[in-house]
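Per-entry structural report
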Amino acid sequence: MDQYFNSYLEMISLRGLADHTRISYSTYIRSYLDYLANILCKLPEDVSWQELRDYVKWLQDERKLSDRTINTGISQLRFFTMYVLHKPWDNTQLPLRRFDAYLPYVPSQEDTFSFINTIPDLKQKAMIALMYSSGLRVGELCHLRYEDIDRKRMRVHITHSKSRSDRYAQLSSYALDILTQYWFEYGRPTGWLFPKQTDPERPIDTFFVSRHIHEHERRLGWPERITCHSFRHALGTHLYENGADLLTIQAHLGHKSLTTTTIYVHLASSTLAKVKNPFDQMGGYVRE
C-alpha cells in the first residue's frame, strides 16, 4: 500500500496545501489503506462502491467519527480515486452526510476584556490581545513577523492567511501598547514576532497559545470552552454589536464569502433584543 500512499502524497503536494492540511488529509487515506490491507484484503482499484459504503459505515460504527469528519474522509476518497487511481467518481454512489451545525461559544465583550487583561505572562497577553483585536487566526498570529506591524498606519499585514491572499487587519491602540511592552521585555525580536523559545529562527507553535488559554481559564475558575478561534469569532460578533456592517466585518476578517460573515448576526446578543416580538405588540407589551 505504500506506493498508493506515496502517489497520494505527491498529488496533494502538487495542490500546494499547507503542511498541517497535508498531514490531516494524509491521515484519512492512511486509515483507508490500512482498512483495505487488514480488513478487506483488497487493492484500491478492486474496491466496489458497496465496499466503499461499507468502509464509511465502519468509520461511523467502529471508529465513532462525527458526520463532519466522515465527510472530510469521503472528500479525500474522491481525490484519491480521481487523482491516484485515475478513475471517475460518482457522487450518487457515496453522498456526503448531513450534520448538525452548532453556534460557537463567544465570550462577551466584558469577559473578553477581563480574560486578556488578567493574563499574567506578557508574551501570552500580547498574543491573545493581538489575536482578538485584529481578528487573527492562530496560524496567522504565530507567523507574524516584526515588519508586519505597521505602527504608522495602525494595521497588521497578514501574509499566511487561510485563503492564501494577503490582507490588512486593524491594529488596536491598546493592543499595540501591550505588544510594545512585550517587545522590549522579550529581547526586541526583529524576525518572527513571536519566536519559538527553544529556536528563535522558527515561529512559535500554535498549540502554545491553545495550552495557555485553557491554563488561564483554570486560573480564573472558568469552564474550559474558549479556543483560539473564539477570539476571532468574538471580534466579529462584538463589531456587529457595536454597529459595524457585515461588509466591513467581512473585509476585516478576510472572509471570501459574505455568507461566512452572517454567522455574527446569530451570535450577537443585541440582534434579537432590538426586535420587537409581534406577540408582545398584540398584547400591548411594547417596551422601549
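Structure shown above.
Residues numbered from 1 in each chain as written. Predicted model: local features only at pLDDT ≥ 70, side-chain atom pairs only at ≥ 80, totals over all residues. Heavy atoms only, no water.

Let us now look at the overall build of the protein chain. Counting its regular elements, the protein chain contains 15 helices and 3 strands. Here the protein chain holds 288 residues, and the buried ones make up 39% of them. (Helix = DSSP H or I, 4+ residues; strand = E, 2+ residues; numbered from the N terminus. Buried < 20%, exposed > 50% of the residue type's maximum accessible area, 1.4 Å probe, protein only.)

Take the packing of aromatic side chains next. The final tally for this structure, using the stated rule, is 16 aromatic pairs. Centroid distance Tyr35 to Trp58: 5.0 Å. Interplanar angle 50°. Geometry classified as tilted. With Tyr35 in helix 2 (residues 19-40) and Trp58 in helix 3 (residues 49-61), the pair connects residues that are 23 residues apart, well separated along the chain. Centre to centre, the rings of Phe115 and Phe231 are 5.7 Å apart; their planes meet at 45°, and the pair counts as tilted. One end of the pair, Phe115, is in helix 5 (residues 109-117); the other, Phe231, is in helix 10 (residues 228-241), with 116 residues separating them in the sequence. The exposure classification of Phe115 matches that of Phe231, with both residues buried. It is Arg30 that lies over the ring of Phe5; its NZ or CZ is 3.9 Å from the centre. One Lys or Arg, Lys123, reaches over the ring of Phe208 and ends 5.8 Å from the middle of that ring. (Phe/Tyr/Trp six-rings, centres within 6.5 Å; stacked < 30°, edge-to-face > 60°. Lys NZ or Arg CZ within 6 Å of the ring centre and 35° of its normal.)

This part covers helix 9 (residues 206-220). An α-helix turns once per 3.6 residues; consequently, residues spaced three or four apart project the same way. When the terminal C-alpha atoms of helix 9 are compared, their 22 Å separation across 15 residues agrees well with the 21 Å that a helix rising 1.5 Å per residue should span. Three or more residues of helix 9 are buried, namely Phe208, Val209, His212, Ile213, His216 and Glu217. The buried residues of helix 9 occupy an angular sector of 165° when the element is viewed end-on, so they sit on one face. At its buried positions, helix 9 is contacted by helix 5, helix 6 (122-133), helix 7 (138-142) and helix 10. Among the residues trailing helix 9, Gly221 stands out with phi positive, at a value near 80°. (Expected span 1.5 Å × (residues − 1). Arc of directions from axis to C-beta. Contact = heavy atoms within 4.5 Å.)

Moving on, we get to the pattern of salt bridges. Tallied over the full model, the rule gives 10 salt bridges. Between Arg30 and Asp2 there is a salt bridge; the shortest N-O distance is 3.8 Å. Placement of Arg30 in helix 2 and of Asp2 in helix 1 (residues 2-14) is noted, with a sequence separation of 28 residues between them. Arg30 sits in the partly exposed class, given a relative accessible area of 28%. Residues Glu140 and Arg167 are paired through a salt bridge, measuring 3.0 Å at the closest nitrogen-oxygen approach. With Glu140 in helix 7 and Arg167 in strand 3 (residues 167-170), this pair connects stretches of sequence that are 27 residues apart. Ionic contacts of the salt-bridge type, sharing partners, join the residues Arg137, Glu140 and Arg167 into one network. (Salt bridge = Lys/Arg side-chain N within 4 Å of Asp/Glu carboxyl O.)

Once that is clear, we can look at the packing of helix 5 against helix 10. The relative placement of two packed helices is expressed as an angle between their axes plus a distance between the axes. Between helix 5 and helix 10, whose axes approach to 10 Å, the crossing angle comes to 135°. When the axis of helix 5 is compared with that of helix 10, the two are oblique. When the axes of helix 5 and helix 10 are compared, the crossing they make is left-handed. Here Gln109, Thr112, Phe115 and Ile116 of helix 5 lie close against helix 10, whose contacting residues are Phe231, Ala234, His238 and Glu241. (Axes fitted to C-alpha atoms, helices over the stretch in contact; angles between N-to-C directions. Parallel < 35°, antiparallel > 145°, perpendicular 65-115°, else oblique. Left-handed = near helix turned anticlockwise from the far one by under 90°.)

Buried within helix 5 we find Thr112, Phe115 and Ile116. Seen along its axis, helix 5 keeps its buried residues to an arc of 90°; they face one direction. Those residues of helix 5 hidden inside the fold are in contact with helix 6, helix 9 and helix 10.

Before going further, it helps to examine the environment of Ile158. Its location among the elements puts Ile158 in strand 2 (residues 155-158). In this structure Ile158 touches Leu136, Glu140, Ser165, Asp166, Arg167 and Ala169, once residues within four positions along its chain are discounted.

This part is about the pairing of strand 3. Taking every second residue as pointing to the same face, the buried face of strand 3 carries Arg167 and Ala169, while none of Tyr168 and Gln170 on the other face is buried. Two elements, strand 2 and strand 3, share 4 bridges in a ladder whose sense is antiparallel. Directly across from His157, in strand 3, lies its bridge partner Tyr168. (Pairing = 2+ DSSP bridges.)

An order of 1-2-3 is seen for the 3 strands of this open sheet, with the pairing classed as antiparallel. This sheet does not close on itself; its edge strands, each paired only once, are strand 1 (149-150) and strand 3.

The subject of this paragraph is the side chain of His216. Structurally, His216 is set in helix 9. For His216, a relative accessible area of 2% translates into the label buried. Side-chain polar atoms of His216 contact the backbone oxygen of Phe115, separated by 3.1 Å. Contact partners of His216, with chain neighbours within four places excluded, come to Phe115, Thr118, Ile119 and Pro120. (Polar contact = N/O pair within 3.5 Å; in protein donor to acceptor, adjacent residues only side chain to side chain.)

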